[in-house]
Amino acid sequence: MNIILLGPPGAGKGTQARFLCDERDMIQLSTGDMLREAKDSGTEMGKVVADVMARGDLVTDEIVIGLIREKLEGDKKGGFIFDGFPRTLAQADALAELLAEEGETLDHVIELQVNDDVLVQRIVGRADEARVAGQPVRADDNEESLKVRLMAYYKQTSPLIGYYHAKGQLATVDGLGEIDEVKADIAKVVDA
Ligand code: AMP
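All values derive from a computational prediction rather than experimental measurement.

Caption draft 1: Structural context of a negative patch on the surface. Together, Glu70, Glu73, Asp93, Glu97 and Glu101 make up a region of like negative charge exposed at the surface. Of all the elements, helix α5 (residues 89-101) adds the most residues to the negative patch, at 3 residues. Summarising the element assignment, Glu70 is placed in helix α4 (residues 61-72).

Caption draft 2: Geometry of the packing of helix α2 (residues 31-40) against helix α3 (residues 44-55). Between α2 and α3, the least distance of the axes is 8 Å, while the angle of their chain directions is 115°. Where α2 crosses over α3, the handedness of that crossing is left-handed. Side by side, α2 and α3 meet where Gly32, Leu35, Arg36, Ala38 and Lys39 of the first sit next to Met45, Gly46, Val49, Ala50 and Met53 of the second. Class assignment for the residues of the contact of α2 with α3 results in 6 nonpolar, 2 polar and 2 charged.

Caption draft 3: View of the side chain of Gln91. Structurally, Gln91 can be placed in helix α5. Engagement of the side chain of Gln91 in a polar contact is seen with the side chain of Asp61, the distance being 2.9 Å. Within polar-contact distance, the side chain of Gln91 engages the backbone nitrogen of Arg87 at 2.8 Å.

Caption draft 4: Expanded view of the site of the ligand. Around the ligand sit 16 residues in total, of which Thr31, Arg36, Asp57, Gly84 and Gln91 are the nearest. Measuring from a nitrogen atom of the ligand, one finds a side-chain N or O atom of Gln91 at 3.0 Å. Summarising the interface, the protein chains cover 96% of the accessible area of the ligand, which totals 480 Å² for the free molecule. Ranked by residues supplied to the shell around the ligand, first place goes to α2 with 4 residues.

Caption draft 5: Quick peek at the sheet that holds strand β2 (residues 27-30). Across the sheet, which stays open at both edges, the 5 strands sit in the order β2-β3-β1-β4-β5 with parallel pairing between neighbours. Both outer strands of the open sheet, β2 and β5 (170-174), are each paired with one neighbouring strand and no more. For this sheet, the mean angle separating the axes of adjacent strands, direction not counted, is 25°. When strand β1 (residues 3-6) meets strand β4 (residues 108-113), the two strands line up parallel, connected through 4 bridges. Within the sheet, the bridge partner assigned to Leu5 lies in β4 and is Ile110. Sitting on the sheet, helix α1 (residues 13-24) touches β1, β2, β3 (80-83) and β4, and the angle it makes with β3 is about 175°. Lying over the sheet, α2 contacts β2 and β3, oriented at roughly 65° with respect to β2.

About the thresholds
Residues numbered from 1 in each chain as written. Predicted model: local features only at pLDDT ≥ 70, side-chain atom pairs only at ≥ 80, totals over all residues. Heavy atoms only, no water. Patch = residues over 30% accessible without salt bridge, like charges linked within 9 Å, V, L, I, M, F, W, Y side chains within 5 Å. Areas by Shrake-Rupley, 256 points an atom, 1.4 Å probe, with all protein chains shown as cover. Salt bridge = Lys/Arg side-chain N within 4 Å of Asp/Glu carboxyl O. Lys, Arg positive; Asp, Glu negative; His and termini not counted. Charge placed at Lys NZ, Arg CZ, Asp CG, Glu CD. Helix = DSSP H or I, 4+ residues; strand = E, 2+ residues; numbered from the N terminus. Axes fitted to C-alpha atoms, helices over the stretch in contact; angles between N-to-C directions. Left-handed = near helix turned anticlockwise from the far one by under 90°. Contact = heavy atoms within 4.5 Å. Nonpolar A, V, L, I, M, F, W, Y, C, P; charged D, E, K, R; others polar. Polar contact = N/O pair within 3.5 Å; in protein donor to acceptor, adjacent residues only side chain to side chain. Near = heavy atom within 4 Å. Pairing = 2+ DSSP bridges.

Take a look at the structure:
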């Protein structure tokens, strides 16, 4: 089974993807995590994306599609959870092609719906908590980058909601509830 988790930054995609991974032997594919790893390990690609990410803009389709292609060719376990990918229509089309090449299907696209005020609180809160705990804070978890990230979401990623709706693949879950409630709502979609 292959699932896309769709939603703005701070909607809870990463948290819910980890639950699905742990409980269903699935593989979480977070392009954000992959890009941060590349940046931290100082690869050429990491150097190219560092500024773009810190600003809150999207990196090129070519780069993220390349990262996903590599993973899809590897071990598939119980399937993939796409977390933060696709973020543009070009990425969505590329994903459809890559899955078809692998003989895989896209089974669910789950939109986590939340409002902007909650997102700002969550992300600024996440940064504050990390700071207090002496942990590293994401370079893009500040109000300025967050504005750019939200704009990128509405401009480039939110059209995917209409796209997957039109394809009959979209399910919408209220992302504002408690983590366990959201998890249960996602399970309902996945097990339907
Ligand atoms: P995330 O961890 O998903 O919030 O992603 C952090 C940052 O990585 C984003 O703000 C983008 O700069 C970059 N990024 C992650 N996934 C993608 C993607 N699918 N397409 C373009 N840029 C991405």
